[in-house]
Amino acid sequence: MKIALGSDHGGFELKEIIKAHLEEKGIEVVDCGTNSSESVDYPEFGYKTAKAIIDGVCERGIVVCGTGIGISISANKVKGIRCALCGDCYSARMSREHNNANMLALGGRVTGRDLALEIVDVWCHTEFQGGRHERRVNKISDIEGNNMI
Ligand code: RB5
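Residues numbered from 1 in each chain as written. Predicted model: local features only at pLDDT ≥ 70, side-chain atom pairs only at ≥ 80, totals over all residues. Heavy atoms only, no water.

(A) The site of the ligand, seen in detail. Close contacts around the ligand come from Asp8, His9, Tyr42, Cys65, Gly66, Thr67, Gly70 and Arg109, and that covers them all. A distance of 3.0 Å separates an oxygen atom of the ligand from a polar backbone atom of Thr67. When the free accessible area of the ligand is taken as 290 Å², the share hidden by the protein chains comes to 71%. Of the residues belonging to the shell around the ligand, the class tally is two nonpolar, four polar and two charged. (Near = heavy atom within 4 Å. Polar contact = N/O pair within 3.5 Å; in protein donor to acceptor, adjacent residues only side chain to side chain. Areas by Shrake-Rupley, 256 points an atom, 1.4 Å probe, with all protein chains shown as cover. Nonpolar A, V, L, I, M, F, W, Y, C, P; charged D, E, K, R; others polar.)

(B) Representation of the pattern of salt bridges. According to the stated counting rule, one finds nine salt bridges in the structure shown. The salt bridge involving Glu127 is made with Arg96; its shortest N-O contact spans 3.8 Å. One end of the pair, Glu127, is in the loop between α5 (113-124) and α6 (132-144); the other, Arg96, is in helix α4 (residues 89-97), and 31 residues separate them in sequence. Note on Glu127: relative accessible area 53%, which makes it exposed. (Salt bridge = Lys/Arg side-chain N within 4 Å of Asp/Glu carboxyl O. Helix = DSSP H or I, 4+ residues; strand = E, 2+ residues; numbered from the N terminus. Buried < 20%, exposed > 50% of the residue type's maximum accessible area, 1.4 Å probe, protein only.)

(C) Representation of the pairing of strand β5 (residues 103-107) within the structure. Here β5 lies mainly inside the structure; five of its five residues are buried. By the bridge criterion, five bridges tie strand β3 (residues 60-65) to β5 in an arrangement that is parallel. Paired with Val63 across the strands is Ala105, a residue of β5. Note that strand β4 (residues 83-85) and β5 share three bridges and pair parallel. If you follow Leu85 over to β5, its bridge partner there is Ala105. On the question of chirality, the crossover connecting β4 to the parallel β5 by way of α4 is right-handed. (Pairing = 2+ DSSP bridges. Right-handed = clockwise from strand over helix to strand, strands pointing away.)

So far we have only geometry, and geometry alone does not tell us how the molecule works.
Spelled out as structure tokens, the structure:
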């Protein structure tokens, strides 16, 4: 599985830690920036990372900003993206099993390094359960396509 990574300055340090961690485990990553702690705007990097999924360059993506909020909101504006902001392993697992989240967001100023890496591992290794959850996820797509007015 190839994973796209993106962050703003608030998430840069954690993004680099996640990148090294995934590469060490033999998981290929595509780094969508940012590339330093210099101040940047999170929507640009949420979008770039989401685009890598939608364009089929990567199967999934992980984004980090200070809280994870701005960058997850930005990624979720891209059609087809289901980005889950997680601060615990249970939510990370559920976001895959029930919501088929194709992106994970973390708060670099909120979640500590070790917990963040556990969340990443759980999220990367959990599969979507399908079944009744598929029906619900399809309804999210319906909302996106304006079919539920
Ligand atoms: C940047 O200071 C900060 O606002 C950003 O990283 C993020 O937390 C926004 O949601």
